[in-house]
Amino acid sequence: MKKLFIFSCILASAAIFSGCGEKEVSVPDIALTMSFSDAGFVSGDGEFLSNFSDGDRIGLFAVENGAVVEEVNNLCVTASQNGESLVWTVSDASMLFPPEAVYYAYYPYQDGFSVSVNPAAVSAAEFFDGLVSSWSLPADQSGSALRSADLMTGSASVSSGVLDIAMQHSMALTAMEFPGKVYRFTNTDYQIPDYSLSADVVFDDFVPYSQDSKYYYLVKPGTYSLSGSLGGEAWSYEGDAAAGSFIDHSEGELEVIEHQLQVGDFYLADGSLLSKDAPASEVSAAHVLGVVCQYNPDRIGEGEKEALGGVAHALVLASRVAGGEGGYMQYRFYTDYAIQDTDFDRCYVRDEEGEIGFPRVPQETNLAELCRLADANIDGYKATHLIYTERAEDMALGNYPGFQAVQNFAGEVGGPVEGVSTGWFMPAGGQYLDAVRNLCNLKLDAGSVSESGGFEGTMTWFDQGSVAQSMNSNFEKIAANQKSLYFDAQNGTMVSTEASPDCHRYIDFADYGWVDYLCYWKYTTTFVRPMLAF
């Protein structure tokens, strides 16, 4: 605690100095209101600001009479949200503080702080010199890692019971943005992240934090070097960084397109989007691959999300079926052609679920349960790639014709370009049902389903109107050579789901008012209309 020394001199008679006495008066500790602010990174164009948030923790020191106060030696101060403002508190709400001490703070707080500090310092930089010089930046600064590596220090004295410290950044922040196109979705029904069409960016031996198509990476003060490639072309940035500086290496202009994502939007070969409301002349002149059929994130499979780095924006149903321009080829699900002529009853039987974990919706006779199982089956990407990888030898022999057609589909339709989507896959049953629901504005729920007849474990929705015409209306503006229209009946389409070792699932609909969820022998043929996710 700070002591205030008051000197009094007593004069003796004959003006003789008789002595000086020394008296100690204590200055009592007080309660403090604390406030910490982030001064931001400074560039030639101004400041790049960041802010503290709920749960952030700061380490606090107090120095008095040339020594660190024992009670305020790496004291943890925590931010908590209170309405629109942050309140900074310590664990002991009744704690008092020396009002005449000098306070030093650093962020982020470290338990077991072991670096030496300098109580004789006259600035935060001097006080925390050991911490700053030994600070290690991670190579991977993605996600929350950048904020955790963003060392800040600051100092201040108490004024009228308030401790207000502006925290200065000890590292430098670099930024990179590359030419390209980004869709910023304006939807209010779902929060859909930005969709970037920038060329594939590769970073050499480091992983930056990314936000809104821009990349951020902390470097230590002094000389730095960053490198990578963009679309196969090498790039590199070098320079000298000062503590707290913001260095923007962005080059070219990023085209930002605000877009209301809708079912029925057109997906182009280069990954671009056209609104469903775009003029027919614009759509017919474009290289269209399909239409958006789903953008509810809860109805997009985990396999699709993982293939896209964790975020999938939407599913696209192909506007053409597999089989060549203008063609309407049909394909078998599975046949072992080597034994087809000698053991036909066995040539189409294979336990995909038991052997490789391929999805199965069994021949359930309870319609409500069958409907639930069918709807839950939404990971077509993973199922398709299970066949590609676990049945690679059979694929090479041509034993999975439908999946082979999907694998060849990009070559038929001329897209999509690499790096912007999952590529084509065979839709799962629930994904194809969603496409019909959304593109035709139908419910297709358990409350209106009926038995379909024929094979056990199948179901039908009756009185659904002219379903084929409704589906075709979504393709109306697309050029004739880029679409395969549905027939008024017999539109059976393969899905990446089996019903049993000898039966596969497929979905059919017609202009006569019905939508069927069916199964049949794996050697029978159906159409293949792939999907992709972006």
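What comes next is a walk through the structure. Here the structure is a predicted model, which is why all the values come from computation and not from measurement. (Residues numbered from 1 in each chain as written. Predicted model: local features only at pLDDT ≥ 70, side-chain atom pairs only at ≥ 80, totals over all residues. Heavy atoms only, no water.)

Here we look at the packing of aromatic side chains
Scanning the model with the defined rule gives 44 aromatic pairs in all. On the numbers, 5.8 Å between centres and 85 degrees between planes, the contact of Tyr190 with Tyr295 is edge-to-face. In this pair, Tyr190 sits in the loop between strand S13 (180-185) and strand S14 (195-196) while Tyr295 sits in the loop between strand S24 (288-294) and helix H5 (302-307), placing the two residues 105 residues apart along the sequence. For Tyr190, a relative accessible area of 28% corresponds to the partly exposed category. Arranged with centres 4.9 Å apart and planes meeting at 55 degrees, the rings of Tyr486 and Phe509 form a pair that is tilted. (Phe/Tyr/Trp six-rings, centres within 6.5 Å; stacked < 30°, edge-to-face > 60°. Helix = DSSP H or I, 4+ residues; strand = E, 2+ residues; numbered from the N terminus. Buried < 20%, exposed > 50% of the residue type's maximum accessible area, 1.4 Å probe, protein only.)

Section: the side chain of Asp379
Positionally, Asp379 belongs in the loop between helix H8 (367-376) and helix H9 (380-390). Buried and unpaired, Asp379 has no salt bridge, with Lys382 as the nearest side chain of opposite charge at 5.3 Å. Polar contacts involving the side chain of Asp379 include one to the main-chain amide nitrogen of Gly303, which spans 3.1 Å. In this structure the side chain of Asp379 is engaged in a polar contact, spanning 3.4 Å, whose partner is the backbone nitrogen of Lys382. Residue contacts for Asp379: discarding those within four places in its chain leaves Gly301, Glu302, Gly303, Glu304, Ala428 and Gln431. (Lys, Arg positive; Asp, Glu negative; His and termini not counted. Salt bridge = Lys/Arg side-chain N within 4 Å of Asp/Glu carboxyl O. Polar contact = N/O pair within 3.5 Å; in protein donor to acceptor, adjacent residues only side chain to side chain. Contact = heavy atoms within 4.5 Å.)

Here we look at the pattern of salt bridges
Here the structure, examined in full by the defined rule, presents 20 salt bridges. The shortest N-O distance in the salt bridge between Arg350 and Glu355 comes to 3.7 Å. Overall, Arg350 belongs to the buried group, its relative accessible area being 18%. For Glu352, the salt bridge goes to Arg391, with nearest N and O atoms at 3.0 Å. With Glu352 in helix H7 (residues 352-356) and Arg391 in the loop between H9 and helix H10 (392-397), this pair connects stretches of sequence that are 39 residues apart. When its relative accessible area of 0% is taken as the criterion, Glu352 is described as buried.

Brief notes about the sheet that holds strand S21 (residues 254-259)
Pairing is mixed across the open sheet formed by 3 strands, whose spatial order is S14-S13-S21. Of all strands in the sheet, those bounded by a partner on one side alone are S14 and S21. (Pairing = 2+ DSSP bridges.)

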